[in-house]
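# Tertiary structure, described
Read off the chains here:
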Amino acid sequence: FFTPPATKKCLELKWTGFAKKYFVIFQLVYAVFLGLFILGFLEYNKEEADCSQTAIALRMTTGSFGLLTVLIMTAIIMKQIRKGQTVKQNFFGKMRILLPRLLGNQWNCMR
């Protein structure tokens, strides 16, 4: 599918032009987000409730990142709906639903 030279060159230009930068940024954001959750659960999830300033700051930071992520994803979804950037998805065999492109890919839904 990607064997013609023109297709290879086009993909290479897109990757080096802008896609690599976005990919790295998104992966770093998710790595920081995951790191905060792991630190919060491993370090500050003891049997007794930890109400230290460090624990509260970590929980507030993690919650803020979560809220920011939800708001950004919601804005992207609403923009795609307004612009008509939707895909048809089959559910339970015959039921077809229009979804925004962001939710049309199963890997994006898992984020």
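I will try to describe carefully the structure that is included in this document. (Residues numbered from 1 in each chain as written. Predicted model: local features only at pLDDT ≥ 70, side-chain atom pairs only at ≥ 80, totals over all residues. Heavy atoms only, no water.)

### Focus on the overall build of the chain
Helices and strands together make up the secondary structure of the chain, namely four helices and two strands. What you see in the chain, going N to C, is helices and strands ordered as α-α-β-β-α-α. Sorting the 111 residues of the chain into buried and exposed places 14% on the buried side. Within the chain, contacts between residues separated by at least 24 positions form 26% of all contacts whose residues are at least 6 apart in sequence. (Helix = DSSP H or I, 4+ residues; strand = E, 2+ residues; numbered from the N terminus. Buried < 20%, exposed > 50% of the residue type's maximum accessible area, 1.4 Å probe, protein only. Contact = heavy atoms within 4.5 Å.)

### Concerning helix H2 (residues 53-83)
Taking 1.5 Å as the rise per residue, H2 with 31 residues should run 45 Å; its terminal C-alpha atoms sit 45 Å apart, in good agreement. Gly84, located one to two residues past H2, shows a positive phi value of around 75 degrees. (Expected span 1.5 Å × (residues − 1).)

### What about the packing of aromatic side chains?
Scanning the entire structure with this criterion turns up one aromatic pair. Ring centres 6.4 Å apart and planes at 75 degrees place the aromatic pair Phe33 and Phe65 in the edge-to-face group. Pair noted here: Phe33 is in helix H1 (residues 5-43) and Phe65 is in helix H2, with a separation of 32 residues, a long-range link. The class of Phe33 is buried, set by a relative accessible area of 17%. Taking the relative accessible area as the measure of exposure, Phe65 reaches 33% and is therefore partly exposed. (Phe/Tyr/Trp six-rings, centres within 6.5 Å; stacked < 30°, edge-to-face > 60°.)

### With respect to the pattern of salt bridges
Using the criterion set out here, one finds one salt bridge in the structure. With its nearest N and O atoms 3.8 Å apart, the salt bridge here joins Lys9 to Glu12. A residue pair is termed a helical-turn pair when its members lie 3 or 4 positions apart in one helix, as Lys9 and Glu12 do in helix H1 at three residues. (Salt bridge = Lys/Arg side-chain N within 4 Å of Asp/Glu carboxyl O.)

### Description of the side chain of Gln80
Tracing the sequence through the fold places Gln80 in helix H2. Once residues within four sequence positions are removed from consideration, Gln80 is found in contact with Gln85, Pro100, Arg101 and Leu102.

### Focus: the environment of Leu103
Structurally, the position occupied by Leu103 is in helix H3 (residues 101-104). Overall, the relative accessible area of 30% leaves Leu103 in the partly exposed class.

### So, a nonpolar patch on the surface
The grouping of Phe18, Tyr22, Ile25, Phe26 and Val29 at the surface amounts to a nonpolar patch, some 490 Å² of accessible area in total. Along the chain, Val29 turns up in helix H1. Judged by its relative accessible area of 46%, Val29 is partly exposed. (Patch = residues over 30% accessible without salt bridge, like charges linked within 9 Å, V, L, I, M, F, W, Y side chains within 5 Å. Areas by Shrake-Rupley, 256 points an atom, 1.4 Å probe, with all protein chains shown as cover.)

Function cannot be inferred from these measures alone, as they are strictly geometric.
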